[in-house]
Amino acid sequence: MNKKTSTLNNGNTTQLLGDIRQLIEASRRELAVTVNSSLTLLYWHIGQRIHGEVLKGERAGYGEQIVSSLAKQLEAEYGRGFSGKSLRHMLRFAEVFPDVEIVSALRRQLSWTHIKTLIYVDDHLKRDFYLQLCQQEHWSTRVLQERLDSMLFERTALSRKPEDLIASELDNLRQSNQLTPSLVLKDPYILDFLGLNDRYLEKDFEDAILRELEHFLLELGIGFTFVARQKRLQIDNNDFYIDLLLYNRRMKRLVAIDLKLGDFKAEYKGQMELYLRWLSKYEQESDEASPLGIILCSGKKQEQIELLELDASGIHVAEYLTQLPPKHVLEYKLHQAIEQARERLQSTRPSAK
């Protein structure tokens, strides 16, 4: 065999090996999905069967007694996958999702680990929020846990709405796959990854965001991409600058961000409205929705924001946190904000006759 033939053979072998590897990996992935789907349905049927037996019991502790007895025998025959803890997960699964049709859809899109995490989210609307985004955004289990730990739902504008409106928006998301601003916009934004100390200038703030742009876009939420820094607008021979201009692919709209170091001030509204109208006139494409504005402040006064009716102008005001507070502090603050917002919205809605 001459040198040229040897070289060709080596090249062909390399290509062949690569093709076969791809086939093997694809087959393994398909097999893993099939196994996960089958096991998830099995776990639901086991949980449903145990649930039905537990309901027959009249004395306290009957359910735990059944689980313990079953676990002892099943674990001996089939291994650790059927321990008492595992059977309790299956039981919880059947209780939270009693409809087999819903389970059939879930098992094709989410892993058993996803499901185990979701079934312990007590609030059904919050659970549905994470479930929808897991399915549509293909979150890994690690990302799902991170979103739960950062209280993503409680920080969305959606969580401030009355429960019937939340349910309606989530149902619309399920049917249309269309994100609304209330599903994407947050308050507060947690920017602890910027590494800012107690004293910094607005330029330091902007520079830090650009250094950590990937983290910043992830914190902003689904579908954001960077367009420009200090976007220049020329109006009547005057220059104006948008701190950050982004685009959201899912909402199909430009998003202008204004960075402010102090508390929100009423005059910020006029400035942002000017930016949005300029963008709408000169930058918005025919198939895009109207631009949105986000004013990031270190603090805000809620009554001012309500009186200015910023939502009607497509403007979202949010606080940012450069240091992550203890979880119980953040949790208390968010729950207070949600309750107050829902009370205000409920008081302005016309009463049913």
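Residues numbered from 1 in each chain as written. Predicted model: local features only at pLDDT ≥ 70, side-chain atom pairs only at ≥ 80, totals over all residues. Heavy atoms only, no water.

(A) Layout of the sheet that holds strand 1 (residues 189–190). Spatially, six strands are ordered 1-6-5-4-3-2 in an open sheet, and the strand pairing comes out mixed. Two strands bound the open sheet, and with one partner strand each, they are strand 1 and strand 2 (224–235). As paired strands, strand 1 and strand 6 (residues 315–321) are joined by two bridges and run parallel to one another. Directly across from isoleucine 190, in strand 6, lies its bridge partner leucine 321. Strand contacts of helix 11 (residues 202–211): strand 2, strand 3 (238–248), strand 4 (253–259) and strand 6, with the helix running at about 140° to strand 2, the strand carrying the most contacts. (Pairing = 2+ DSSP bridges. Helix = DSSP H or I, 4+ residues; strand = E, 2+ residues; numbered from the N terminus. Contact = heavy atoms within 4.5 Å. Axes fitted to C-alpha atoms, helices over the stretch in contact; angles between N-to-C directions.)

(B) Representation of the pairing of strand 5 (residues 292–297). Burial of strand 5 is extensive: six of the six residues sit out of reach of the surface. Judged by which residues are buried, strand 5 turns out to be covered on both faces: Leu292, Ile294 and Leu296 on one side and Gly293, Ile295 and Cys297 on the other are all buried. Pairing between strand 4 and strand 5: five bridges, direction parallel. Bridge pairing in strand 5 places isoleucine 257 opposite isoleucine 294. Each parallel crossover has a hand, and for strand 4 linked through helix 13 (residues 267–282) to strand 5 it is right-handed. Relative to strand 6, strand 5 runs parallel, the two being bridged by five bridges. When the sheet's bridge partners are listed, leucine 296 is paired in strand 6 with alanine 318. Crossover connection from strand 5 via helix 14 (residues 302–308) to parallel strand 6: handedness right-handed. (Buried < 20%, exposed > 50% of the residue type's maximum accessible area, 1.4 Å probe, protein only. Right-handed = clockwise from strand over helix to strand, strands pointing away.)

(C) Structural context of the packing of helix 6 (residues 124–137) against helix 9 (residues 163–176). The interhelical angle for the contact between helix 6 and helix 9, taken along N-to-C directions, is 20°, at an axis separation of 10 Å. Considered as vectors, helix 6 and helix 9 are oriented roughly parallel to each other. Considering how the two elements wind past one another, helix 6 and helix 9 form a crossing that is left-handed. Contacts from Leu125, Asp128, Phe129, Gln132, Leu133 and Gln136 in helix 6 reach Glu163, Ile166, Ala167, Leu170, Leu173 and Arg174 in helix 9. (Parallel < 35°, antiparallel > 145°, perpendicular 65-115°, else oblique. Left-handed = near helix turned anticlockwise from the far one by under 90°.)

By themselves, these are just geometric observations and shouldn't be taken as functional.
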